[in-house]
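What follows is the residue order along each chain.
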Amino acid sequence: PPADDAARRRTILFGPLTEESSARANAVAWSRVVTGPAATRSELAAIAKEPLGLLVVVGHGAGADDLARGTLELAPETVASSSWVSAADLSALRIDARLVYLAVCESAAGATSLASGMREAGARAVIAPIHAVTKASALTLLREITGSPRTMRVSEALAAAKSRLIRAGAPPSD
């Protein structure tokens, strides 16, 4: 149906970004941008219910100290609430997205990573780094992925984007 096709083209940028990072990410024509203090757990849960083509989550991750437990820092709901979201928290959501890009350091590291939480929640494909990644590389990769033809498979778009980044001088780990 046409309505479902339109929903599959929707793109959402989500995360506690600064104005500068948000502006650089605006090279993409986002359907919706949720950043700064609005990027909370409850807002992520609400977004997860929407059918999407692409959900980009940008933020700070932690996992190096305890690779069995990946976490993502969001904006706190209240002063007393935690701003950290775990892989288990993500897996409890029902995410209807063709592709989730976690521009979050170490989000694919560990036995229960943020990436595995997104897959368990229903995302059909997840792109996530194992190591720390620079903001510049994350935004470049995002522009490359979103600029790929819609007919490309996710794996083809990622491979093409990584090749372009490496040819431009980025280290293969970025």
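It should be noted that the structure appears before, not after, this text.
All figures in this text were calculated on a predicted structure; none of them were measured in a lab.

Caption draft 1: Quick peek at the overall build of the protein. Of the regular secondary structure elements, the protein holds 7 helices and 7 strands. Residues counted as buried form 44% of the 174 residues belonging to the protein. Within the protein, counting contacts between residues at least 6 apart in sequence, those at least 24 apart form 66% of the total. Here the protein has roughly 8700 Å² of accessible surface; of this, 57% comes from carbon and sulfur atoms.

Caption draft 2: Representation of the pairing of strand β6 (residues 97–104) in the model. In terms of burial, β6 is largely enclosed, as 7 of its 8 residues are buried. Judged from the 7 bridges that link them, strand β3 (residues 52–62) and β6 form a sheet pairing that is parallel. By the bridge assignment for β6, L52 is matched with A97. Across 2 bridges, β6 lies against strand β7 (residues 126–127) in parallel orientation.

Caption draft 3: Highlighting the side chain of T71. Looking at where T71 falls in the secondary structure, it is placed in strand β4 (residues 71–73). Apart from residues no more than four positions distant in its own chain, T71 is found in contact with H60, G61, A62, W84, V85, S86 and L114.

Caption draft 4: Layout of the pattern of salt bridges. One pass over the full model with this rule turns up 4 salt bridges. For E43, the salt bridge goes to R32, with nearest N and O atoms at 2.2 Å. A residue pair is termed long-range when its members are at least 10 positions apart, and E43 in helix α3 (residues 41–48) and R32 in strand β2 (residues 32–35) qualify at 11 residues. Residue E43 is classed as partly exposed on the basis of its relative accessible area, which comes to 21%. Note that R32 is salt-bridged to E50, the shortest N-O span being 3.0 Å. Within this pair, whereas R32 is found in strand β2, its partner E50 is found in the loop between α3 and β3, the two being separated by 18 residues in sequence. Of the residues examined, R32 reaches a relative accessible area of 28% and is grouped as partly exposed.

What counts and what doesn't
- Residues numbered from 1 in each chain as written.
- Predicted model: local features only at pLDDT ≥ 70, side-chain atom pairs only at ≥ 80, totals over all residues.
- Heavy atoms only, no water.
- Helix = DSSP H or I, 4+ residues; strand = E, 2+ residues; numbered from the N terminus.
- Buried < 20%, exposed > 50% of the residue type's maximum accessible area, 1.4 Å probe, protein only.
- Contact = heavy atoms within 4.5 Å.
- Areas by Shrake-Rupley, 256 points an atom, 1.4 Å probe, with all protein chains shown as cover.
- Pairing = 2+ DSSP bridges.
- Salt bridge = Lys/Arg side-chain N within 4 Å of Asp/Glu carboxyl O.

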